[in-house]
Amino acid sequence: MAYERSERTGACDETDSTALALKILVAGGFGVGKTTLVGAVSEIRPLRTEEQLSRAGQSVDDTGGVDQKTTTTVAMDFGRITIRSGLSLYLFGTPGQDRFWFLWDELSQGALGAVVLADTRRLEDCFPAVDYFEHRKIPFVVAVNCFTGARTYGAADVSLALDLDRGTPVVLCDARDRDSGKEVLIRLVEYAGRMHTARLLDSVG
Amino acid sequence: MNEDSTGDGPSAPGSQWYDAEAGPLVRPYAMTGGRTKPGPSNVRFDLIALVVVDDDPPGPADEALLGPEHRSLLTLCRAETQSVAELAADADLPVGVVRVLLGDLLESGFVRVSRPVPPAQLPDERILREVIDGLRAL
């Protein structure tokens, strides 16, 4: 893998002049606060972009009664944080419904990592996202969105309940709060860095 | 005209579809001339691939030949370097359509597209450090 490293150092010198964009996914069950989190930390108003589906959704969409309907539109939220000119972070809220998993594959390609938002009242909603990122070895942190009125659990309890791999960070957060959202992202980037270093060491040893 | 349709979803029997509810006047496949994939260059536009205006673009004569959607994308790119996802949202077009149109713009030399960082190269430690510090400073 030595050649990859040298290539990377080469590319790295260039990055000062070329724009670099990094991608972070925000996943979790429906209504857990993905859009809110993206909106809280993004410097642009949360934009929505639509992906047109055709055959992929057809077999699973119940189109009874609307047989002529051959396309479905799925919206994705995204936001941007500019670190400096030429280096920005893009956040993508992943579509919650299971049938849009194929979109995740595209979204997760080349992603730096993911935030899995969890609601302790419906923890099971984030199981699929946790599974997805664990299987694909994409670094992720679990961010527990502390809804008012929900019983508060410690990070360790959540980690246990989700049966997370050792080391996967669990952060308690308030998705509406910018600083709280920033903290979640910082934890993720730190963790992604640690994962990457560990993998490099593995590949060497 | 929208007040007529408030409360009445488009599916309500006998209701009429007005304005935005009726969907785009020009269907997506018409904008792309029926194409679903970018042209022969076969570029895969990642959602966060950054699109910049080429330093040496074709003349105004060539630009006049572009379709309205091509031109609106070009205008957006001129204002600011943008990701494919942002372009789609700002131009209010499906990502699939934007990809095809960008393919045209790329082939005719109006724009350049950055390649996203391949996963194997992903987190360069120096850059990650910069991201973390940048986030803290926000």
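Residues numbered from 1 in each chain as written. Chains lettered and ligands numbered in written order. Predicted model: local features only at pLDDT ≥ 70, side-chain atom pairs only at ≥ 80, totals over all residues.

- As named in an unreviewed UniProt entry, chain B is DUF742 domain-containing protein, taken from Streptomyces viridochromogenes.

- As annotated in an unreviewed UniProt entry, chain A is ATP-binding protein from Streptomyces viridochromogenes.

As for the overall build of chain A
Here is step 1: When you go through chain A residue by residue, the secondary structure sums to seven helices and seven strands.
Here is step 2: In chain A, the succession of helices and strands from N to C terminus is α-β-α-β-α-β-β-α-β-α-β-α-β-α.
Here is step 3: Looking at chain A as a whole, 37% of its 205 residues qualify as buried.
Here is step 4: Long-range contacts, defined here as pairs at least 24 residues apart, represent 72% of the contacts in chain A between residues at least 6 apart. (Helix = DSSP H or I, 4+ residues; strand = E, 2+ residues; numbered from the N terminus. Buried ≥ 20, exposed ≤ 12 C-beta atoms within 10 Å, placed from the backbone. Contact = placed C-beta atoms within 7 Å.)

Concerning the overall build of chain B
Here is step 1: Helix and strand counts for chain B come out as six helices and three strands.
Here is step 2: In sequence order, chain B lays out its α and β elements as α-β-α-α-β-α-α-β-α.
Here is step 3: Relative to its 138 residues, chain B shows a buried fraction of 32%.
Here is step 4: Here the contacts in chain B between residues at least 6 apart in sequence split such that 71% fall between residues at least 24 apart.

A word on the pairing of strand E1 (residues 50-53) of chain B
Residue and element names in this part refer to chain B.
Here is step 1: Pairing analysis gives two bridges linking E1 to strand E2 (residues 82-83), with the strands arranged antiparallel. If you follow Val 51 over to E2, its bridge partner there is Gln 82.
Here is step 2: When E1 meets strand E3 (residues 111-113), the two strands line up antiparallel, connected through three bridges. Bridge pairing in E3 links Val 53 to Val 111. (Pairing = 2+ DSSP bridges.)

A word on the confidence of the model for chain A
All names here are of chain A.
Here is step 1: Per-residue pLDDT for chain A has a mean of 79; in total, 77% of the residues score no lower than 70.
Here is step 2: Strand E6 (residues 140-145) holds the highest mean pLDDT among the elements of chain A, 96, whereas helix H1 (residues 2-14) holds the lowest, 37.
Here is step 3: For residues 1-17, every residue scores under 50 in pLDDT, and the model assigns this stretch nine contacts once sequence neighbours within four places are set aside.
Here is step 4: Confidence over residues 55-70 falls short of pLDDT 50; this stretch has nine contacts with residues more than four positions distant or in other chains. (pLDDT = per-residue confidence, 0-100.)

Brief notes about the confidence of the model for chain B
All names here are of chain B.
Here is step 1: Confidence in the prediction of chain B, expressed as mean pLDDT, is 80, and 77% of residues score 70 or more.
Here is step 2: For chain B, helix H1 (residues 28-31) is the element with the lowest average pLDDT, namely 81, and helix H3 (residues 68-79) is the one with the highest, namely 92.
Here is step 3: Per-residue pLDDT stays below 50 along residues 1-10; that stretch engages in twelve contacts with residues further than four places along the chain or on separate chains.
Here is step 4: Scoring of the predicted complex yields 0.74 for pTM and 0.76 for ipTM.

Description of the nonpolar core
A general feature of soluble globular proteins is that nonpolar side chains tend to end up buried together.
Here is step 1: Counting 77 residues, the largest nonpolar core has Ile 24, Val 115, Val 116, Leu 117 and Ala 143 of chain A together with Val 84 and Val 98 of chain B as the members making the most contacts within it.
Here is step 2: Each residue touching Val 116 of chain A, except ones within four places of it in the same chain, is listed here: Ala 27, Gly 28, Cys 126, Ala 129, Val 130, Phe 133, Phe 140, Val 142 and Ala 143 of chain A. (Core = buried A, V, L, I, M, F, W, Y, C linked by C-beta atoms within 7 Å.)

Remarks on unusual backbone geometry
All names here are of chain A.
Here is step 1: For Asp 163, which is not a glycine, the phi torsion comes out positive at approximately 55 degrees.
Here is step 2: Positionally, Asp 163 belongs in the loop between helix H6 (155-161) and strand E7 (170-173).
Here is step 3: Taking the C-beta count within 10 Å as the criterion, Asp 163 has 9 such neighbours and is therefore assigned exposed.

Focus on the sheet that holds E1 of chain B
Residue and element names in this part refer to chain B.
Here is step 1: Strand order in the open sheet made by the three strands is E2-E1-E3, with antiparallel pairing throughout. The open sheet has two free edges, formed respectively by E2 and E3, since each of these has just one partner strand.
Here is step 2: The sheet strands contacting helix H5 (residues 95-107) are E1 and E3, and the helix crosses E3 at an angle near 115 degrees. (Axes fitted to C-alpha atoms, helices over the stretch in contact; angles between N-to-C directions.)

Focus: helix H4 (residues 84-91) of chain B
Here is step 1: Counting buried positions over the eight residues of H4 of chain B gives six, a clear majority of the element.
Here is step 2: Of all the positions in H4 of chain B, only Val 84, Ala 85, Glu 86, Leu 87, Ala 88 and Ala 89 of chain B are classed as buried.

Brief notes about the packing of H3 of chain B against H4 of chain B
Residue and element names in this part refer to chain B.
Here is step 1: Two elements in contact, H3 and H4, have axes separated by 10 Å at closest approach and are oriented at 120 degrees. As far as their axial angle goes, H4 and H3 are oblique. As for how H3 packs across H4, the hand of that crossing is right-handed. Packed against H3, whose contacting residues are Glu 69, Ser 72, Leu 73 and Leu 76, the element H4 presents Leu 87, Asp 90 and Ala 91 at the interface.
Here is step 2: Grouping the constituent residues of the contact of H3 with H4 by class yields four nonpolar, one polar and two charged. (Parallel < 35°, antiparallel > 145°, perpendicular 65-115°, else oblique. Left-handed = near helix turned anticlockwise from the far one by under 90°. Nonpolar A, V, L, I, M, F, W, Y, C, P; charged D, E, K, R; others polar.)

A closer look at the pairing of strand E4 (residues 87-93) of chain A
Residues and elements named next belong to chain A.
Here is step 1: Where burial is concerned, most of E4 is hidden: six out of the seven residues are buried.
Here is step 2: As defined by bridge partners, strand E1 (residues 20-28) adjoins E4 across seven bridges and the pair is classed as parallel. Across the sheet, the residue bridging to Leu 25 is Phe 92, located in E4.

Some words on the packing of helix H2 (residues 34-41) of chain A against helix H7 (residues 178-204) of chain A
Each packed pair of helices is defined by two parameters, the angle between the axes and the distance between the axes.
Residues and elements named next belong to chain A.
Here is step 1: One can describe the packing of H2 onto H7 by two numbers: an axis separation of 8 Å at closest approach and a directional angle of 95 degrees. Between H2 and H7, the angle is such that the two are roughly perpendicular. Between H2, through Leu 37, Ala 40 and Val 41, and H7, the contact on the second element is made entirely by Arg 178, Gly 181, Lys 182 and Leu 185.

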